[in-house]
Amino acid sequence: MKYNVAIVGATGMVGRQFISILEERQFPIDTIYFFSSSRSAGTTIMFNEKEVTVEELKQENIINKKIDFALFSAGGDTSLKFASLFVECGAIVIDNSSAWRMDPKVPLVVPEVNPEDLKWHNGIIANPNCSTIQAVVALKPLLDDYGIKRIIYSTYQAVSGAGMGGFNDLKDGISGASPKKFQYPIAYNVIPQIDVFLDNGYTKEEMKMIEETKKILHNDNLRITATTVRVPVIHGHSESINVELEKSFSLEEVLNTFNAAKGIVLMDNTRENIYPMPLQIAGKDEVYIGRVRRDFSLENGLNLWVVADNIRKGAALNAVQIAETFIENNLI
Ligand code: A2P
């Protein structure tokens, strides 16, 4: 069985990763369609060694096609405007924006963590925020084995999370250009603001991590706080996660739990200075965990250092894995 797949935002940072991940994983594709705004419409992109013309995202270019999966990464407004049209035309939309993540009628899915949520949907599946995805992959095995009381997230996020504009701000900023995407220069700097500030003093990114974690782990009572920070790294988000577990644990058991978990690579050998870093992890599929150690300031506390490629596992790969999970479980 082969499927017709549409990429909405095909010319963007995540859109291009959708394309190369579908190729790499030999996703069973019959016809692929690329959509962008009028700016890039008419350009061509190679797919499986064939040139495909990018089409403008507009109603008449959608309704004449039979599309099985539509992978969206063209911003929240585009998702809000066009996703339901794709659904009406029979597609399953996997949306990388934040438009529907917290909608109770829309599943928010990381295949290693809550694949069961793919069984209920109204045509749209939301792909979580990049920093949430890698965090919940790391936390799920701990939740299953020990229970979780409280989580403290501190993130170190790459510029590619802000799309091409973020990447250009770092590249051009190194030679002194003023920032266009970020509020301040990101070259040689660290910015403790990702997205806008809310009335409670948190940024939208921080509240996304908090609310999305609760939704994916099916636990509204989890106590979570977060500080999210942009750093001058191109690809790969890093996170320091402090977690208070419900049950007591031994470090050896926790390491075994991570070793056995799906989608995780344990990279933790402090005697030889081994721990994950974005430069090594960019381009990889798994979530890498190191610096696993007891937080001896509280009873069942644990510290983790978690690194993943924010454009792959944090966005495009997770969306493709959602589509693969649909196929593997005969949900389409
Ligand atoms: P375009 O190349 O025509 O601007 P990034 O996040 O890397 O900036 O990429 C954003 C992606 O979303 C691009 O492919 C961009 O297309 C696409 N896009 C942005 N706005 C729209 C829109 N209104 N309709 C369709 N695609 C859009």
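Per an unreviewed UniProt entry, the recorded name for the protein is Aspartate-semialdehyde dehydrogenase, and the organism is Clostridium punense. You can read under Subunit (unreviewed entry) in the UniProt record for the protein the words "Homodimer." The record held by UniProt for the protein lists under Function (unreviewed entry) the comment "Catalyzes the NADPH-dependent formation of L-aspartate-semialdehyde (L-ASA) by the reductive dephosphorylation of L-aspartyl-4-phosphate."

Caption draft 1: Structural context of the overall build of the protein. For the protein, the helix and strand inventory stands at nine helices and 13 strands. Rg of the C-alpha trace for the protein: 20 Å, near the compact-globule value of 20 Å for 332 residues, within the 12% margin. Dimensions of the protein, computed from the C-alpha atoms along their principal axes, are close to 60 × 50 × 40 Å. Of all 332 residues assigned to the protein, the portion counted as buried reaches 52%. Carbon and sulfur atoms make up 48% of the accessible area of the protein, which totals about 15100 Å². Of the charged side chains in the protein, 33 are positive and 41 negative; the average position of the first set lies 2 Å away from that of the second.

Caption draft 2: Examining the sheet that holds strand S2 (residues 29-36) more closely. As summarised here, the arrangement of the seven strands in space is S3-S4-S2-S1-S5-S6-S7, forming an open sheet in which the pairing is mixed. Two strands in the sheet have a free side with no partner beyond their single neighbour: strand S3 (44-47) and strand S7 (124-126). Pairwise comparison of adjacent strand axes, ignoring direction, gives a mean angle of 25 degrees for this sheet. Relative to strand S6 (residues 92-95), strand S5 (residues 69-72) runs parallel, the two being bridged by four bridges. Among the inter-strand pairings, Phe69 is bridged to a residue of S6, identified as Ile92. The strands that helix H3 (residues 76-88) touches are strand S1 (3-8), S2, S5, S6 and S7; relative to S5, the one it contacts most, it runs at about 175 degrees.

Caption draft 3: View of the UniProt feature "binding site: NADP(+)" (unreviewed entry) in the protein. Residues annotated by UniProt as "binding site: NADP(+)" (unreviewed entry) correspond here to Thr11, Gly12, Met13, Val14, Arg39, Ser40, Ser160, Gly161 and Asn310. Separation in sequence by 300 residues is matched in space for these annotated residues, since their most distant C-alpha atoms are 25.8 Å apart. Lining residues of the largest pocket, restricted to the annotated ones just named, are Thr11, Gly12, Met13, Val14, Arg39, Ser40, Ser160, Gly161 and Asn310. Looking at the secondary structure, you find Gly12 in the loop between S1 and helix H1 (13-24). On the basis of relative accessibility, which here comes to 22%, the residue Gly12 falls in the partly exposed class. Classification of Val14 by relative accessible area gives buried; the value is 12%. Once residues within four sequence positions are removed from consideration, Val14 is found in contact with Ser73, Asn96, Ile311, Ala315 and Ala316.

Caption draft 4: Region of the structure containing the domain arrangement of the protein. Domain boundaries in the protein define domain 1 (3-127 + 315-328) and domain 2 (131-310). Taking the mean C-alpha position of each, domain 1 and domain 2 sit 25 Å from one another. Taken together, the contact between domain 1 and domain 2 spans 20 residues of the former and 20 residues of the latter. Between domain 1 and domain 2, a total of about 1700 Å² is buried, with carbon and sulfur atoms accounting for 68% of that surface. Asp285 is the salt-bridge partner of Arg25, the closest N and O atoms lying 3.7 Å from each other. Where domain 1 meets domain 2, there are six residue pairs in polar contact (both at pLDDT 80 or more). It is helix H9 (residues 312-328) that contributes the most residues to the side of domain 1 that touches domain 2, three residues altogether. Residue composition of the side of domain 1 that touches domain 2, grouped by class: 10 nonpolar, four polar and six charged.

Caption draft 5: Structural context of the side chain of Ser97. Its location among the elements puts Ser97 in the loop between S6 and S7. With a relative accessible area of 7%, Ser97 lands in the buried category. Looking at Ser97, its side chain comes within polar contact range of the main-chain nitrogen of Ala99, at 3.0 Å. With residues near it in sequence (within four places) discarded, Ser97 still touches Gly75, Gly76, Ser79 and Asn127.

Caption draft 6: How the structure looks around the UniProt feature "active site" (unreviewed entry) in the protein. The UniProt entry lists Cys130 and His237 under the feature "active site" (unreviewed entry), expressed in the numbering used here. Spanning 108 residues, the named residues form one tight spatial group whose C-alpha atoms are at most 8.2 Å apart. Annotated residues from the preceding list that form part of the lining of the largest pocket: these are Cys130. Of note, Cys130 is situated in helix H4 (residues 130-146).

Thresholds applied
- Residues numbered from 1 in each chain as written.
- Predicted model: local features only at pLDDT ≥ 70, side-chain atom pairs only at ≥ 80, totals over all residues.
- Heavy atoms only, no water.
- UniProt positions renumbered as here; feature names shortened; annotations may be inferred.
- Helix = DSSP H or I, 4+ residues; strand = E, 2+ residues; numbered from the N terminus.
- Rg over C-alpha atoms; globule rule 2.2 N^0.38 Å.
- Buried < 20%, exposed > 50% of the residue type's maximum accessible area, 1.4 Å probe, protein only.
- Areas by Shrake-Rupley, 256 points an atom, 1.4 Å probe, with all protein chains shown as cover.
- Lys, Arg positive; Asp, Glu negative; His and termini not counted.
- Charge placed at Lys NZ, Arg CZ, Asp CG, Glu CD.
- Pairing = 2+ DSSP bridges.
- Axes fitted to C-alpha atoms, helices over the stretch in contact; angles between N-to-C directions.
- Contact = heavy atoms within 4.5 Å.
- 1 Å grid on protein atoms, 1.4 Å probe; cavity = no way out; pocket = protein on both sides within 12 Å on 5 of 7 lines; lining within 4 Å.
- Domains from an automatic or database assignment.
- Buried area = accessible area lost by both parts, 1.4 Å probe.
- Salt bridge = Lys/Arg side-chain N within 4 Å of Asp/Glu carboxyl O.
- Polar contact = N/O pair within 3.5 Å; in protein donor to acceptor, adjacent residues only side chain to side chain.
- Nonpolar A, V, L, I, M, F, W, Y, C, P; charged D, E, K, R; others polar.

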